[in-house]
Amino acid sequence: MASSPHGHSESRWLLAPDRVVPMDSKLTIARHQASTQGSAQSADTEDGFVRVRGARENNLRNVDVDVPRDAIVAFTGVSGSGKSSLAFGTIFAEAQRRYFESVAPYARRLIQQGHNPKVEAITGLPPAVALQQRRGTATARSSVGTLTTLSNSLRMLFSRAGSYPEGARPLDSDAFSPNTSTGACPECHGLGVAHTVTEESLVPDPSLSIREGAIAAWPGAWQGKNLRDILTHLGYDVDTPWRKLPRKDRDWILFTEEQPVVEVTPQRDRVAKPYKGRFWSAKSYVLHTLADSKSTTMRDRVLRFMESGRCPQCGGSGLRPEALAVTFAGKTIAELNALPMTDLANIIRPTTELTAAGTASRTGTSGETNEVAVAITRDLLNRVTVLLDLGLGYLALGRPTPTLSPGEMQRLRIATQLRSGLFGVIYVLDEPSAGLHPADAEPLLAVLDQLKSSGNSVFVVEHNMDFVQAADWLVDVGPRAGDGGGQVLYSGPVAGLADVQDSITRPFLFPDSHNPNPPKETRPPKEPRQPKEWLKLQNINRHNLRDLEAEFPLGVLTAVTGVSGSGKSSLVSHVLAEVVGAELHPEADAAHEANTVGLVSGLHQLDRLVKVDQKPIGRTPRSNLATYTGLFDGVRKEFAATEEARARGFGAGRFSFNVAGGRCETCLGEGFVAVELLFLPGSYGPCPECHGSRFNPETLEVTYRGHNIADVLGMTVNAASEFLADLPGVARSLQTLREVGLGYLRLGQPATELSGGEAQRIKLATELQRIQRGHTLYLLDEPTTGLHPADVQLLMAQLHKLVDAGNTVIVVEHEMDVVAGADWVIDLGPGGGDAGGEIMVAGPPAVVARSRTSRTAPYLAAVTRRR
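Conventions used here
- Residues numbered from 1 in each chain as written.
- Predicted model: local features only at pLDDT ≥ 70, side-chain atom pairs only at ≥ 80, totals over all residues.
- Heavy atoms only, no water.
- Helix = DSSP H or I, 4+ residues; strand = E, 2+ residues; numbered from the N terminus.
- Buried < 20%, exposed > 50% of the residue type's maximum accessible area, 1.4 Å probe, protein only.
- Contact = heavy atoms within 4.5 Å.
- Areas by Shrake-Rupley, 256 points an atom, 1.4 Å probe, with all protein chains shown as cover.
- Polar contact = N/O pair within 3.5 Å; in protein donor to acceptor, adjacent residues only side chain to side chain.
- Salt bridge = Lys/Arg side-chain N within 4 Å of Asp/Glu carboxyl O.
- Phe/Tyr/Trp six-rings, centres within 6.5 Å; stacked < 30°, edge-to-face > 60°.
- Lys NZ or Arg CZ within 6 Å of the ring centre and 35° of its normal.
- Axes fitted to C-alpha atoms, helices over the stretch in contact; angles between N-to-C directions.
- Left-handed = near helix turned anticlockwise from the far one by under 90°.
- Disulfide = S-S within 2.5 Å.

Asker: Describe the overall build of the protein chain, and please don't skip the residues or the numbers.
Answerer: When helices and strands are counted, the protein chain shows 31 helices and 27 strands. For the protein chain, the residues scored as buried account for 53% of the 867 residues in total. If you take every contact in the protein chain between residues at least 6 apart in sequence, the share linking residues at least 24 apart comes to 68%. Summed over all atoms, the accessible surface of the protein chain reaches about 38,400 Å², with 50% contributed by carbon and sulfur.

Listed below in structure tokens is the structure:
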């Protein structure tokens, strides 16, 4: 199953010699045979360097670079400079390609393969493992345990060494998984959540009769009247208040699966003719609408009449009763999955300490002290200990991966690799420090050093200057983004970058030798702003937040800080967003979980809520930067206004690749087509008709200032700003995109090719181009993820502009330079999980930096002193 060049694909897998590895984890293993590389390869292997020659991937300009093996190498540069194109798109992609060449052609059809990098030669290249920065896949069946494979060991422990009820047969390990047919609870199918309808949800007002609309879940208008007429012909009373109807009648009307067909003569309508009418119970109607209706509005309507909650049969575990009857150390597998890994380690540790003399052969129904139990628990404890060392002990194995931050996901994958025991490979990591508090980053550095000490090479694409300082070697790419980048400015020991004047990274890495004074327009205010008023919340209970009271200043920029898992996102992105959203839009029922939170004061200062997150701006390549921001509408109108377009009768719709008329019908506006090859893996190639332009020839014949519509979509934001400078609306959109550091992106860049940080900045730019009226609350979760320090300055300048316009900005942030530039700081902690959830200190950055209880304070103090 090949992936398209725009990034969308089906289920993705990589075949390794000893196992099949799911590609959804973004863990890709590439191996190749060193013996096939020839004498030049052998020489480079001996001198310890990976030598890249003529790399031209994306914006790389025929790059030659030598990178040492058995070292930690940092790739730096501004966003879009080409560092990922070098590390991932060239070095790792070539290692992957070489491995695939050793796989049989038939097997290659089952593997999702990457592209062949544009490079003349790479020598001295060992096998490679890539760990890329991605958020958790939105599936309820993926968890910390499944991601790390620790669940497999725990299931085996219960299967082989659990305490079974008297007379019970031993269960296979699959019986302890909610993701298998043998283990899943039949009621909730292993999800742990049951979706049901009740009389109370279907009939909210039992004082009404059926004719008066007691069954609110039924459709309105003619369909509802039809169902009432059918009930009348079946002999049911539709005029008596619902609560006075017999229980037997009420249950049948609401829950029967029967669908009788009767001849109906419409009541109070003498003209209408009799017809055959089919009856649907309220429950059947709701379930049928959810399953079959293509109308989002109708599905949303009936969802209001369903109740979702913990499955009553399995208690939310997703498992069958026979699996829940087995225990280890007095606890079921569901109970162990729900515990923080710190507690899990304490429970299994006594078993690991048993000696051979202390183990007993399996007798009766328990094997908790046999040799198998000792072996499995020792392996499990060793693997869990790695996660504890990385500061992830607060996570439970049953924690769903969609609730994890990118930083947590990254550390889980790194921990898995640390225990894999691989030797002599290159680990290519995408911003391992992303989403990490400085206190969490320190143990991660130690882990990367362990990978190197085990005989591996570690290549990191990184923006965190502390990580870069700790590297053995530095490759700086730039000097700028897009067409202004693509050159290796420096490759050598870290200290040598101090002499490279063209490097934008240099002043941030060596601030003492060259103070990185930002341009005047990007500097934050010298003194913190004073709050206009306060937004106060109380009785906050969500995840690890317990009976919390929080106060957010209005009219200023607030940074919410704390170690991973301390409760920052729960407080800001969940509770605060839901409470304010529900108060501003009560009809939307925006906060079903937040109704227990008390909103004390401050709401009258707010008119709007804008949540700027890192979710994709679209899930298909048909969504792109130009369509999302709306600037493409202005471009299409301009093309439609040309003499050539008017003469041909082309309207603005003709210049869209999403609708018939102007698009290429061979590829349906995709720009590429799938190519199936017998006994070889399928691949994607440019459309033979439009050659990737997405439009048909007649549409491309219309030009605006010498360029057709495909040419414009291929322009970068920087180039388009000059080309379309005299179109006010379009120019404003392009300027805001440049101001948030996205000038290097192409207008037609598919949404699937954008990182989470890029998607977030596009959303912010879309909001910035609106006319600012003030009184808006902006919530941003880690907006600096994936940004070079120079790009962070651009972003912060825009956030300060929002505040100056009378708005309130609240950011969840780990970058201490951003925190130091805020007006107010709210620090959560002291730890993660159950050890967090408290506000340790709140106040201006200088006040928080002096706190003796905050884990953020020492790092913030170091930055404030430097300022």
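Asker: Outline the side chain of Thr-90, listing residues and values.
Answerer: Of note, Thr-90 is situated in helix H2 (residues 83–101). A distance of 2.8 Å separates a polar atom in the side chain of Thr-90 from the backbone oxygen of Ser-85. Not counting residues within four places of it along the chain, the set of residues in contact with Thr-90 comprises Val-52, Ala-55, Glu-57, Leu-60, Ser-85, Pro-117, Val-119 and Ile-122.

Asker: How would you explain the pattern of salt bridges if you had to name every residue and give the values?
Answerer: Applying the stated criterion to the full structure yields 30 salt bridges. The partner of Asp-472 in a salt bridge is Lys-452, with the nearest N and O atoms 3.1 Å apart. Of this pair, Asp-472 sits in the loop between helix H17 (465–469) and strand S15 (473–478) while Lys-452 sits in helix H16 (residues 438–453), placing them 20 residues apart in sequence. Residues joined in a network through salt bridges with shared partners are Glu-94, Arg-97, Arg-98 and Glu-101.

Asker: Would you mind going over the environment of Leu-154 in detail, with residue names and values included?
Answerer: Note on placement: Leu-154 falls in helix H5 (residues 150–161). Leu-154 gets classed as buried once you look at its relative accessible area, which sits at 0%. A sequence separation of 222 residues divides Leu-154 from Ile-376, and the C-alpha atoms of the two residues are 8.2 Å apart.

Asker: Explain the packing of aromatic side chains residue by residue, including any values.
Answerer: Evaluated as defined, the whole model comprises 14 aromatic pairs. Relative to Trp-824, the ring of Trp-534 lies with its centre 5.1 Å away and its plane at 75 degrees, an arrangement referred to as edge-to-face. With Trp-534 in strand S17 (residues 533–542) and Trp-824 in strand S26 (residues 824–829), this pair connects stretches of sequence that are 290 residues apart. Here Trp-534 falls in the partly exposed class, since its relative accessible area comes to 24%. For the pair Phe-650 and Phe-655, a centre-to-centre distance of 6.4 Å together with 75 degrees between the ring planes defines the contact as edge-to-face. For the pair Phe-650 and Phe-655, one class covers both residues: buried. Three or more aromatic residues link up through ring pairs in this structure, and these residues are Phe-639, Phe-650, Phe-655, Tyr-704 and Phe-723. The ring of Phe-650 has Arg-654 lying over it, and the distance from NZ or CZ to the ring centre is 4.0 Å. The ring of Phe-657 has Arg-694 sitting right over it, with the charged end atom 4.2 Å from the ring centre.

Asker: So what's going on with the packing of helix H13 (residues 341–352) against helix H14 (residues 371–389)? Which residues, and what values?
Answerer: Look at H13 against H14: their axes get within 9 Å of each other, and the N-to-C directions meet at 150 degrees. Helix-helix and strand crossings are classified by hand; for H13 and H14 the assignment is left-handed. When H13 is examined against H14, the residues Met-341, Thr-342, Ala-345, Ile-348, Arg-349, Thr-351 and Thr-352 are found in contact with a partner set consisting of Ala-373, Val-374, Thr-377, Arg-378, Leu-380, Leu-381, Val-384, Leu-387 and Leu-388.

Asker: Go over the state of the cysteines with me, naming the residues and quoting the values.
Answerer: Using the criterion set out here, one finds 0 disulfides in the structure. Between Cys-188, a cysteine without a disulfide, and Cys-314, which holds the nearest cysteine sulfur, the sulfur-to-sulfur distance is 3.7 Å. Under the relative-accessibility criterion, Cys-188 is labelled buried at 3%. Of all cysteine sulfurs in the structure, the one in Cys-690 sits closest to Cys-687, which takes part in no disulfide; the separation is 3.8 Å. Looking at Cys-687, the relative accessible area reads 0%, which means it is buried.

The analysis is restricted to geometry; functional conclusions fall outside its scope.
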